[in-house]
Amino acid sequence: MSLAQDFSRGIMKENPVFKQALGMCPFLAVTTSVENALGMGAAATFVLVFSNFLVSLFRKVIPAKVRIPSYIVIIATFVTLVDLLMNAYLPALHSSLGIFIPLIVVNCIILGRAEGFANKNKVLPSIVDGIGMGLGFTLAMVIMATFREILGNGSWLGFNLLGEAYQNQPLLIAILAPGAFILMAFILGFFNIMEKRKRGGAK
Amino acid sequence: MAENRVFDVAVSPHVGSSKNTKRIMWDVVIALMPALIAAFWFFGPRAIMLVSASVGAAVLTEWLCLKFMKRPVNFAFDGSAVVTGLLLAYNVPSGVPWWLPVLGSAFAIAVAKQAFGGLGHNIVNPALLGRAFLVASFPVLMTAGWVAPMEWKDGQRIDVQSCGVPTSHLSESGELDALSGATPLNALKQTFNWEGDSERSEEVRTMLFSRESLKNLFMGRIGGCIGETSVIMLLLGALYLFLRGVLEIRLPLSYLGSVALFAWLFGGPGWFDGNPLFHLLAGGVILGGFFMVTDMVTTPVTKKGRIIFGIGAGLLTMVIRRWGGYPEGCSYSILLMNLGTPLIDRYTKPLSFGEVSSNG
């Protein structure tokens, strides 16, 4: 498989959120604004790329029996890095993401790529796979956050789109938890329909 | 060739009945009409406008969803969308802007009903989910849009001062504010919060539970949602349903009985001193008990299950009224019990004839 395929796979064809239904916790919880989604996506991508790199580098050294704890140690190292860096340089974003930064440690996407890809592939494809999956995750987060921020706050990335009148009485549910579940259902449903149409067309 | 005649072959049950979805739904619509008259009387033409907008939006959304999903669009006119639209409008205050019930109806039909597969497949009551959606989205409009009841006299709208709701006790300055229009349940909830001022709480409660106040509650001369206030008109509708054989009596009876029991148990400030009659007449219990608890799709099918459902919903209603954040718990209690319906049905499944109970 070529590097280009490794890269593009994570963005649409095997998008971690839309196609693999992984990383639902941050996808539901921190997509209240596009800014949060971008911050979370960037943090997860950073961890994903470096954990894939290290796991792939040490794949022949790590004993199979303790591989999962080893992955967690590697991932936790980078999560701590991100946590401290973000706290130092982007304190506002850090405080709005809150507990979900440390929770990247248990993000299924990262562990899934370490176990499912980096463990079996060379260093370069693993890094490229990490970038692709990270971008796919960020893309999914931004799509969800776009709906939620526009509906629930009338703005996009902080820019007022729908005017003062709407912002005084927005569709508040969109940035609350029920809105996240409802929108997720519709987005996943949309991608399932697309998938079905594509398969139906191929026959 | 008589041998070749093809008979109509169908699976059981073979007993025919004139009771079909369409007839039942339109019966429910007719049964809801008296409450609409009461709404017109107490809340004016605006109430009718909101109800029409809601019903129109419900039917239109149903039609659009069916069209989009390439299903027979005449399902939109089986009356179920009309019932949902009516019930949703009955559950909003009459002071809200017109787009609010429209949005609620559209959500109720598109998300709570059609997204789950249409009539018969929805897991919760669409109208109630629509209401929950509105309360979560527009908390200010949905909890402060109360309009004090008025009445018609010589073609003019006049204030009803004697609504029995102690509005004077609700404003801190003590001034009489006839149009603040809080609901009786709001007033009761507030008395629970004035812990240091027991004399004032007692005074308000005495007013709320007075004969005059209960009479107003029964007639509907109180602030509240469009269709929930007039108990007498709702009972009239329920009687019609009962006579038409549409009303399943176990659900409303166990629900209302459980509300009354738990109201007496802990509906008041202490134990065993609540006023069951007040709790039955106030808020949406009568509307919920006869028109929403009885929803055929989202409530248990077994007889025992229906009684469990009613008791559970009654308990939840009273728990929310007494200790919850909202003054009224009727809609959330029914929604919560709707979610438990499959479980209740499973545990109350009757044994087939001859079957032996596995744990007996």
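Just above sits the structure.
Residues numbered from 1 in each chain as written. Chains lettered and ligands numbered in written order. Predicted model: local features only at pLDDT ≥ 70, side-chain atom pairs only at ≥ 80, totals over all residues. Heavy atoms only, no water.

Soluble globular proteins tend to pack their nonpolar side chains together in the buried interior. The biggest cluster of nonpolar side chains holds 88 residues, and the ones touching the most others in it are Y90 and F291 of chain B. Counting residues per element, this core draws most heavily on helix 1 (residues 21–43) of chain B, at 12 residues. Residues contacting Y90 of chain B, with those up to four places away along its chain left out, are L32, A35, L36, V51, C225, I226, G227, E228 and L287 of chain B. The next biggest cluster of nonpolar side chains, apart from the first, holds 44 residues, and it includes F27, A37, M184 and L188 of chain A. (Core = buried A, V, L, I, M, F, W, Y, C linked by side-chain atoms within 4.5 Å. Buried < 20%, exposed > 50% of the residue type's maximum accessible area, 1.4 Å probe, protein only. Helix = DSSP H or I, 4+ residues; strand = E, 2+ residues; numbered from the N terminus. Contact = heavy atoms within 4.5 Å.)

As a further point, take the interface of chain A and chain B. Counting from both sides, the interface comprises 8 residues of chain A and, opposite them, 10 residues of chain B. Taken over both partners, the interface formed by chain A and chain B buries close to 730 Å², and the fraction arising from carbon and sulfur atoms is 77%. In terms of surface lost to chain B, no three residues of chain A exceed Q169, L171 and I173 of chain A, which account for 53% of the buried area on that side. Here chain A is connected to chain B by 0 salt bridges. On the surface where chain A and chain B come into contact, there are 1 residue pair in polar contact (both at pLDDT 80 or more). Among the residues forming the side of chain A that touches chain B, the class breakdown is 7 nonpolar, 1 polar and no charged. (Buried area = accessible area lost by both parts, 1.4 Å probe. Salt bridge = Lys/Arg side-chain N within 4 Å of Asp/Glu carboxyl O. Polar contact = N/O pair within 3.5 Å; in protein donor to acceptor, adjacent residues only side chain to side chain. Nonpolar A, V, L, I, M, F, W, Y, C, P; charged D, E, K, R; others polar.)

To continue, consider the packing of aromatic side chains. Think of a pair of aromatic rings as described by two things: how far the centres are apart, and how the planes are tilted against each other in angle. With the rule as written, the count across this model stands at 14 aromatic pairs over all chains. Taking the centre distance of 6.4 Å and the plane angle of 75° together, the rings of F46 of chain A and F78 of chain A count as edge-to-face. Here F78 of chain A lies in helix 4 (residues 67–89) and F46 of chain A lies in helix 3 (residues 34–57), a separation of 32 residues in the sequence. Residue F46 of chain A is classed as partly exposed on the basis of its relative accessible area, which comes to 27%. Take F78 of chain A: its relative accessible area is 10%, and that puts it in the buried class. Ring geometry for F266 of chain B against W323 of chain B: centres 4.9 Å apart, planes inclined by 35°, an arrangement best described as tilted. Of the two residues, F266 of chain B is situated in helix 11 (residues 250–266) and W323 of chain B in helix 14 (residues 303–323); the sequence distance between them amounts to 57 residues. (Phe/Tyr/Trp six-rings, centres within 6.5 Å; stacked < 30°, edge-to-face > 60°.)

So yeah, pure geometry; function would need other evidence.
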